[in-house]
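Here is what each chain is made of, one letter per residue.
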Amino acid sequence: MRVITGTAKGRRLDTLEGMDVRPTADRVKEGMFSSIQFELENSLVLDLFGGSGQLGIEALSRGARAAVFVDKSKKSIEIIKSNLRKTGFEEKSLVFNMNSEDFLKITDKKFDFVFLDPPYNKGIIEKTIPLLSGKINKNGKILCEHEKKLILPDEINEFRLKKNYKYGKIEVTLYSADRKDD
């Protein structure tokens, strides 16, 4: 696993070992970032189920101003911190070892991009997106990596489904926060 492009291009990232670990494949990551590449500059991103931190790190490498990483696994947090040191992005990052729901209840930050790549087949994306209401800037985006068979609704609160990208058994769903109130 590596950073695809930007200031940390080519840097190898550590990942957890085990059967439950599913690092985002380079072709999926490239597709995700191609869809938002011109909007990343100076953005604030949230990598909510951080794992190795690769999605938030890729965003930082491509020009995001800062990233927040959240994962409830202590081992994942150690890997994220190690990868931030390797890429030189420690100063641009905040890392929280906690449950995603608890984080969303306490944070007062508003994000431009949120990456959701939770464990598959557990209904986590459907539970998490409504919790993002009021946590995303106008025209902000949510990118959800999930199993292909998961069908997500066209609208969840102020979030509108904009596009689905299919990569074999994996799908990425892009939502936009189309609020008029900001």
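The rules behind these values
- Within each chain, residues carry numbers counting from 1 in the order of the written sequence.
- This being a predicted model, a pLDDT of at least 70 is required before a residue's local features are given, and a value of 80 or more before pairs of side-chain atoms are given or counted; all residues contribute to the totals for chains, interfaces and linings.
- To obtain the side-chain values, all non-hydrogen atoms of the structure were used and water was disregarded.
- Angles here are taken between N-to-C directions and fall from 0 to 180 degrees, while the axes themselves are lines fitted to C-alpha atoms, restricted in helices to the stretch in contact.
- Per the convention used, a helix needs a DSSP run of H or I reaching at least four residues, while a strand needs a run of E reaching at least two, with both numbered from the N terminus.
- Should an angle lie under 35 degrees it is considered roughly parallel, over 145 roughly antiparallel, and from 65 to 115 roughly perpendicular; all remaining angles are considered oblique.
- The hand of a helix crossing depends on one turn: near helix anticlockwise from the far one by less than a right angle means left-handed, and clockwise means right-handed.
- We call two residues in contact whenever any of their non-hydrogen atoms come within 4.5 Å of each other.
- Relative accessible area decides the class of each residue, using a 1.4 Å probe on protein chains only: under 20% of the type maximum gives buried, over 50% gives exposed, and in between gives partly exposed.
- Only centres within 6.5 Å qualify two rings of Phe, Tyr or Trp (six-membered ring in Trp) as a pair; their planes then separate them into stacked at under 30 degrees, edge-to-face at over 60, and tilted for everything else.
- Only strands that DSSP links by at least two bridges are regarded as paired with each other.

Undergrad: What am I meant to see in the packing of helix H1 (residues 26-34) against helix H2 (residues 54-61) here?
TA: Between two packed helices, both the angle of their axes relative to each other and the distance between the axes serve to describe the pair. Their axes nearest at 11 Å, the elements H1 and H2 cross at an angle of 50 degrees. In terms of orientation, H1 and H2 fall into the oblique class. H2 is crossed by H1, and the crossing has right-handed handedness. Across from Lys29, Met32 and Phe33 in H1, the residues of H2 making contact are Gln54, Leu55, Glu58 and Ala59.

Undergrad: Please explain H2 as it appears in this structure.
TA: Residues spaced three or four apart along an α-helix face the same direction, because each turn holds 3.6 residues. The buried count for H2 comes to 8 of 8 residues, which makes it a mostly enclosed element. Within H2, the full set of buried residues consists of Gln54, Leu55, Gly56, Ile57, Glu58, Ala59, Leu60 and Ser61. In this structure, the buried side of H2 is in contact with H1, strand E1 (44-47), strand E2 (66-71), helix H3 (74-87), strand E3 (93-97) and strand E4 (111-116). Gly63 sits one or two positions beyond H2 and adopts a positive phi of about 115 degrees.

Undergrad: Looking at this structure, I do not really get the packing of aromatic side chains. What am I missing?
TA: Working definition: an aromatic ring pair is given by the centre-to-centre distance plus the angle between the planes. Tallied over the entire structure, the rule returns 2 aromatic pairs. Pairing Phe33 with Phe115 gives two aromatic rings, centres 5.4 Å apart and planes at 35 degrees, and the pair type is tilted. Residue Phe33 is located in helix H1, and its partner Phe115 is located in strand E4; the two are separated by 82 residues in the primary sequence. With respect to burial, Phe33 and Phe115 carry one shared label: buried. A ring pair is formed by Phe96 and Phe103, whose centres lie 5.1 Å apart and whose planes are at 50 degrees; its orientation type is tilted. Given a relative accessible area of 2%, Phe103 falls into the buried group.

Undergrad: Looking at this structure, I do not really get the sheet that holds E2. What am I missing?
TA: Each strand in a sheet pairs with another by means of backbone hydrogen bonds, the pair being arranged parallel or else antiparallel. Taking strand neighbours across the sheet as the criterion, the 8 strands line up as E3-E2-E1-E4-E5-E8-E7-E6 in an open arrangement whose pairing is mixed. Each having just a single partner strand, E3 and strand E6 (155-156) make up the two edges of the open sheet. In terms of strand pairing, E2 meets E3 through 5 bridges, oriented parallel. For Asp71, the partnering residue across the bridge sits in E3 and is Asn97. Strand contacts of H2: E1, E2, E3 and E4, with the helix running at about 175 degrees to E2, the strand carrying the most contacts.

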